[in-house]
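The residues making up each chain are set out below.
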Amino acid sequence: YAPLLVSESAYDSDRLWHKLNHAPALQWIGRAGITKLALAAVDVALWDLRAQAAGQPLWAYLGGVTTPRLEAYNTDVGWLSIPTEQLLNNCRKATEEDGYRGIKVKIGHDDPSVDFRRLEAVRQLVGTGVKLAVDVNGRWDLPTCQQFCRRAEALDLFWIEEPMWYDNVSGHARLALSTRIPVALGEQLYGLEAFQTFIEAGAVQYVQPDVTRLGGITEFIAVAHLAHAQRLPVVAHVGDMGQVHVHLSYWHPAISMLEYIPWIRHCFTEPITVADGYYQRPEQPGAGTTLTPDAMQRYARPTKE
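Residues numbered from 1 in each chain as written. Predicted model: local features only at pLDDT ≥ 70, side-chain atom pairs only at ≥ 80, totals over all residues. Heavy atoms only, no water.

K.L.:
Give me empty space enclosed by the protein: which residues, what numbers.
P.N.:
One pass over the structure, following the stated rule, counts 2 cavities of 30 Å³ or more. Reported here for the largest cavity is a volume of approximately 60 Å³. Taken together, Val238, Gly239, Asp240, Met241, Gly242, Gln243, Ile261, Pro262, Trp263, Ile264, Arg265 and Ile272 make up the lining of the largest cavity. Taken together, the residues of the lining of the largest cavity sort by class into 7 nonpolar, 3 polar and 2 charged. Its volume calculated, the second largest cavity comes out at about 40 Å³. Lining the second largest cavity, in full, are Glu162, Met164, Tyr166, His172, Leu185, Gly186, Gln188 and Leu189. Looking at the lining of the second largest cavity, its residues break down into 4 nonpolar, 3 polar and 1 charged. (1 Å grid on protein atoms, 1.4 Å probe; cavity = no way out; pocket = protein on both sides within 12 Å on 5 of 7 lines; lining within 4 Å. Points joined across faces, edges and corners; volume = space filled by probe spheres on them. Nonpolar A, V, L, I, M, F, W, Y, C, P; charged D, E, K, R; others polar.)

Structure representation (structure tokens):
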């Protein structure tokens, strides 16, 4: 991408996104995966530069807050590898001490009964006032998902995320028709057209775009607008770049919740912060991507002498 950006203006970020996304040589590499991850780095940087030049945090530069309070749900409590006792301790701390009103537990064992027993224990612990979502990370087939959902409807799950292989549109649509548990997905979708296909098929109820998979903020906005036009809620996936999603979530009217995973928050001068279950609104100019000197030193690519 670098040669395509030389002598260009950072203020032309929309045009540059289309220039890079449609570069013929790069389309041979692939229109998803690493090309979109690299494009995201460029696109986020361009939006960050523009917002910093305007002296505004990104949410203000985009048009201001539409979500007065951004609720956080905690994914870090419920990884699949965590033993049940630790899972319960994590959920207790998150809800009783830290104030989270929503948590997500990873599921996807070969025997879904293992997951069901863990979730039963979690629901009994946190009560009915806490949103309890689950995430399969694409591990199951349609019959397994349907059997699990029939049993799990009694647990009042907030959603089931990525229950099947990520590109299986018809399977997700059939599952959505067969269960009262909403289907959430999007972290493995790499473009506007992929989201449109799932939405038109009725295969998703919670739309989960990620700036790093979509090639940046420009395409994220397009996906969020698409979902909002269908009055579907948007809840961004936060694997990385959570601080950018905080800005976008405060700004976009389809968003009122955001995932919390604290993996790289220490790297930035204004790290994402949750207090009593809600994200604090960032106030520094830019997209929240300014690295600390320590992070620059620790993670910078070594230079050749």
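K.L.:
With reference to specific residues and values, describe the pattern of salt bridges.
P.N.:
If you walk through the whole model with that rule in mind, you get 13 salt bridges. Its salt-bridge partner being Asp98, residue Lys93 comes within 3.0 Å of it at the nearest N-O pair. Classification of Asp98 as partly exposed rests on a relative accessible area of 29%. Of the charged contacts, one joins Glu283 and Arg281 as a salt bridge, the two residues approaching to 3.5 Å between their closest N and O atoms. Salt bridges here are not isolated pairs; linked through shared partners, they connect Lys104, Lys106, Asp135, Glu161 and Glu259. (Salt bridge = Lys/Arg side-chain N within 4 Å of Asp/Glu carboxyl O. Buried < 20%, exposed > 50% of the residue type's maximum accessible area, 1.4 Å probe, protein only.)

K.L.:
Kindly report on helix α7 (residues 112-126), identifying the contributing residues and their values.
P.N.:
For α7, built from 15 residues, the straight-helix expectation of 21 Å at 1.5 Å per residue is met to within 8% by its first-to-last C-alpha distance of 21 Å. Among all positions in α7, only Pro112, Asp115, Phe116, Arg118, Leu119, Val122, Arg123 and Val126 are buried. Down the axis of α7, the smallest arc covering the buried residues is 165 degrees, so these residues share one side. Packing partners of the buried residues in α7 comprise α6 (84-97), β2 (102-106), β3 (131-135) and α8 (142-152). Within two residues after α7, Gly127 carries a phi angle of roughly 80 degrees, on the positive side. (Helix = DSSP H or I, 4+ residues; strand = E, 2+ residues; numbered from the N terminus. Expected span 1.5 Å × (residues − 1). Arc of directions from axis to C-beta. Contact = heavy atoms within 4.5 Å.)

K.L.:
Provide a residue-level description of the environment of Glu96, including the pertinent values.
P.N.:
Mapped onto the elements of the fold, Glu96 is located in helix α6. Between the alpha carbons of Glu96 and Val126 there is a distance of 8.4 Å; along the sequence they are 30 residues apart.

K.L.:
Describe the packing of helix α11 (residues 217-229) against helix α12 (residues 242-251), with residues and values.
P.N.:
Axis separation between α11 and α12 bottoms out at 12 Å; the angle between their running directions is 35 degrees. Here α11 and α12 pass one another in a crossing that is right-handed. The segment α11 lies against α12, with Ile217, Phe220, Ile221 and His225 engaging Val244, His245, Leu248 and Trp251. Taken together, the residues of the contact of α11 with α12 sort by class into 6 nonpolar, 2 polar and no charged. (Axes fitted to C-alpha atoms, helices over the stretch in contact; angles between N-to-C directions. Left-handed = near helix turned anticlockwise from the far one by under 90°.)

K.L.:
Can you lay out the side chain of His247 for me, pointing to particular residues and giving the numbers?
P.N.:
Relative to the helices and strands, His247 is located in helix α12. On the basis of relative accessible area, His247 is assigned to the buried category, the value being 1%. His247 has contacts with Pro57, Leu58, Trp59, Pro282, Gln284, Gly286, Ala287 and Gly288, leaving out every residue within four places of it along the chain.

K.L.:
Could you give an account of the layout of surface pockets, with specific residues and numbers?
P.N.:
To find leftover empty space, a probe the size of one water molecule is rolled over the atoms. What the largest pocket holds in volume is close to 400 Å³. Around the largest pocket, the lining is made up of 28 residues, and of these Asn21, Lys36, Tyr190, Glu193 and Glu219 lie nearest the centre. Mapped by element, the contributors of at least two residues to the lining of the largest pocket are α2 (13-21), α3 (24-29), α4 (34-54), α10 (192-200) and α11. At 5 residues, α2 tops the list of elements feeding residues into the lining of the largest pocket.

K.L.:
Report on the packing of aromatic side chains, specifying residues and quantitative values.
P.N.:
Throughout the structure, instances matching the rule amount to 10 aromatic pairs. Judged by centre distance (5.5 Å) and plane angle (45 degrees), the rings of Phe158 and Trp159 are tilted. Residue Trp159 is classed as buried on the basis of its relative accessible area, which comes to 0%. Arranged with centres 4.8 Å apart and planes meeting at 40 degrees, the rings of Trp165 and Tyr166 form a pair that is tilted. We classify Trp165 as exposed; its relative accessible area is 54%. One aromatic cluster in this structure is built from Tyr73, Phe158, Trp159 and Tyr206. For the cation-ring pair, Arg50 lies above Trp47, with the distance from its terminal atom to the ring centre recorded as 4.6 Å. One residue, Arg69, lies across the ring of Tyr278, its end atom 3.8 Å from the ring centre. (Phe/Tyr/Trp six-rings, centres within 6.5 Å; stacked < 30°, edge-to-face > 60°. Lys NZ or Arg CZ within 6 Å of the ring centre and 35° of its normal.)

K.L.:
So what about a nonpolar patch on the surface? Which residues, and what values?
P.N.:
A cluster of nonpolar side chains, contributed by Ile29, Ile34 and Leu37, occupies part of the molecular surface with about 300 Å² of accessible area. Tracing the chain through its elements places Ile29 in helix α3. For Ile29, a relative accessible area of 56% gives the class exposed. (Patch = residues over 30% accessible without salt bridge, like charges linked within 9 Å, V, L, I, M, F, W, Y side chains within 5 Å. Areas by Shrake-Rupley, 256 points an atom, 1.4 Å probe, with all protein chains shown as cover.)

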